[in-house]
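# Remarks on the overall topology
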Amino acid sequence: MNSAYECSDVDHLLLRTRSQECASRVCLWCLEYVFVASKRISCRISQVMWAEKIGKQLGKPTRSAAGWLVTRFLVAHNRVLEEGAVQLCGIQPGDVVLELGHGPGLGLQAAANLLTGPTGHLIGVDYSEYMHQLASKKMKELVASGKVTLHHCDVTTMPLSDSTVDRVFHCNCYYFWPDLRKGAAEIHRVMKPGGLMVTTTRLCAVATFAAKKIMPGENWRPEAYMAALRDTGFTDVRMEDKQSRPFNYQAIYATALK
Ligand SMILES: C[S@@+](CC[C@H](N)C(=O)[O-])C[C@H]1O[C@@H](n2cnc3c(N)ncnc32)[C@H](O)[C@@H]1O
């Protein structure tokens, strides 16, 4: 009786020890799972944080390490788009031409070279202080001579008179405007009747950026911008594919109807 009692006591002890081991193993597995999952989550969070940081810098570069890197990226990749937009908007020597969101100023230089007439004038706007300063430095002689005027301002509030601009061009800019109709309405206000606006974009690259959440929201979609242009008084709004080297791109055209 006694030994049976002792035996069942030992069994009970073993059982308790085993179940404790089992519980601690389950705890370990749980901890491991939580650790791995949290590592994955924190990796995902830091990816999202990086994407947002790059997106913010592309939308408004600041004088910082990230802003410097983004500027290098713009200079290395966007010459084709900038010079393509300048060429497609058909600048005449005496035109008043406006570039929106000029960034480091690749297109400004190309447009200024075509404005050889005495009335030819180039205006650039960018709301990034860093980009405004970089472009002002790059264009300092033409700014000093009065051929070029650069404004540090938002596209939606440009210090320009109504119906004074013949041609407008921009590259990689509208994606960042929180209100596309407001931007389009302001462009329409400053343009002369019949004036042409051209924007160039490399849609496959922009769509990749949007999928990685680098581009904010859905305003990068050309349909959204083209609808805003039609709603605010532009006509003959269309998009064309352009063959070019080292990459092909798209151009959106719109004519100011007044
Ligand atoms: C991605 S960068 C493109 C720069 C240049 N056009 C290029 O393609 O290399 C976008 C530029 O547009 C400017 N930008 C964006 N939204 C703007 C706004 N609402 N008003 C003025 N500038 C704006 C930014 O500051 C930035 O310089």
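Residues numbered from 1 in each chain as written. Predicted model: local features only at pLDDT ≥ 70, side-chain atom pairs only at ≥ 80, totals over all residues.

Listed in UniProt under the heading Sequence similarities (unreviewed entry), the comment for the protein chain reads: "Belongs to the class I-like SAM-binding methyltransferase superfamily. Erg6/SMT family." (UniProt positions renumbered as here; feature names shortened; annotations may be inferred.)

## Quick word on the overall build of the protein chain
Each helix and strand counted, the protein chain has nine helices and seven strands in total. Pairs at least 24 residues apart make up 70% of the contacts formed inside the protein chain by residues separated by at least 6 positions. (Helix = DSSP H or I, 4+ residues; strand = E, 2+ residues; numbered from the N terminus. Contact = placed C-beta atoms within 7 Å.)

## Quick notes on helix 3 (residues 79-88)
The set of residues buried in helix 3 consists of Leu81, Glu82, Gly84, Ala85 and Val86. Considering only its buried residues, helix 3 is in contact with helix 4 (106-114), strand 4 (165-171), strand 5 (191-201), strand 6 (234-242) and strand 7 (249-256). After helix 3 finishes, the residue Gly90 shows a positive phi value of roughly 60°. (Buried ≥ 20, exposed ≤ 12 C-beta atoms within 10 Å, placed from the backbone.)

## A word on the sheet that holds strand 1 (residues 96-100)
The strand order across the open sheet formed by seven strands is 3-2-1-4-5-7-6, and the pairing between neighbours is mixed. Only two strands of the sheet have a single neighbouring strand rather than two, namely strand 3 (148-151) and strand 6. Each neighbouring strand pair of the sheet contributes to a mean axis angle of 15°, computed without reference to strand direction. The pairing of strand 4 with strand 5 spans six bridges and is classified as parallel. Bridge pairing in strand 5 links Val165 to Met191. Against the sheet, helix 9 (residues 222-231) touches strand 5, strand 6 and strand 7, its axis set at about 155° to strand 6. (Pairing = 2+ DSSP bridges. Axes fitted to C-alpha atoms, helices over the stretch in contact; angles between N-to-C directions.)

## Some details on the nonpolar core
In terms of nonpolar packing, the biggest core is built from 57 residues, with Ala111, Leu122 and Val168 touching the most fellow members. Tallying contributions element by element places strand 7 first for this core, with five residues. Leaving out residues up to four positions away in the same chain, Val168 has contacts with Leu98, Leu100, Ile187, Met191 and Met197. (Core = buried A, V, L, I, M, F, W, Y, C linked by C-beta atoms within 7 Å.)

## Remarks on the pairing of strand 6
Across seven bridges, the pairing between strand 6 and strand 7 is antiparallel. In the sheet register, Thr235 faces strand 7, and the bridge partner there is Thr255. Counted along the chain from strand 6 to the antiparallel partner strand 7, the turn is six residues long.

## Considerations on the packing of helix 7 (residues 180-190) against helix 9
The interhelical angle for the contact between helix 7 and helix 9, taken along N-to-C directions, is 50°, at an axis separation of 8 Å. Accordingly, the angle class assigned to the pair helix 7 and helix 9 is oblique. Here the hand of the crossing between helix 7 and helix 9 comes out right-handed. Residues Leu180, Arg181 and Ala184 of helix 7 form the contact with helix 9, whose own contacting residues are Ala224, Tyr225, Ala228, Leu229 and Asp231. Looking at the contact of helix 7 with helix 9 residue by residue, the classes come out as six nonpolar, no polar and two charged. (Parallel < 35°, antiparallel > 145°, perpendicular 65-115°, else oblique. Left-handed = near helix turned anticlockwise from the far one by under 90°. Nonpolar A, V, L, I, M, F, W, Y, C, P; charged D, E, K, R; others polar.)

## Concerning the confidence of the model for the protein chain
Mean pLDDT over the protein chain: 88, with 82% of residues reaching 70 or higher. In this model residues 1-7 is a low-confidence stretch, pLDDT under 50, and it forms zero contacts with partners more than four residues away in sequence or in other chains. (pLDDT = per-residue confidence, 0-100.)

## Quick word on unusual backbone geometry
A cis amide bond links Arg245 with the next residue in sequence, Pro246, at an omega value of 5°. With respect to the helices and strands, the residue Pro246 is situated in the loop between strand 6 and strand 7. A positive phi angle, close to 55°, is found at Asn172, a residue other than glycine. Looking at the element boundaries, Asn172 is found in the loop between strand 4 and helix 7.

## With respect to the packing of helix 3 against helix 4
Remark: helix 3 packs on helix 4, axes separated minimally by 8 Å, with the N-to-C direction vectors making an angle of 30°. By the angle between their directions, the pair helix 3 and helix 4 is classed as roughly parallel. In the packing of helix 3 onto helix 4, the handedness of the crossing is right-handed. Taken together, the residues of helix 4 that come into contact with helix 3 (itself represented by Arg79, Glu82, Glu83, Ala85 and Val86) are Leu106, Gly107, Ala110 and Ala111.

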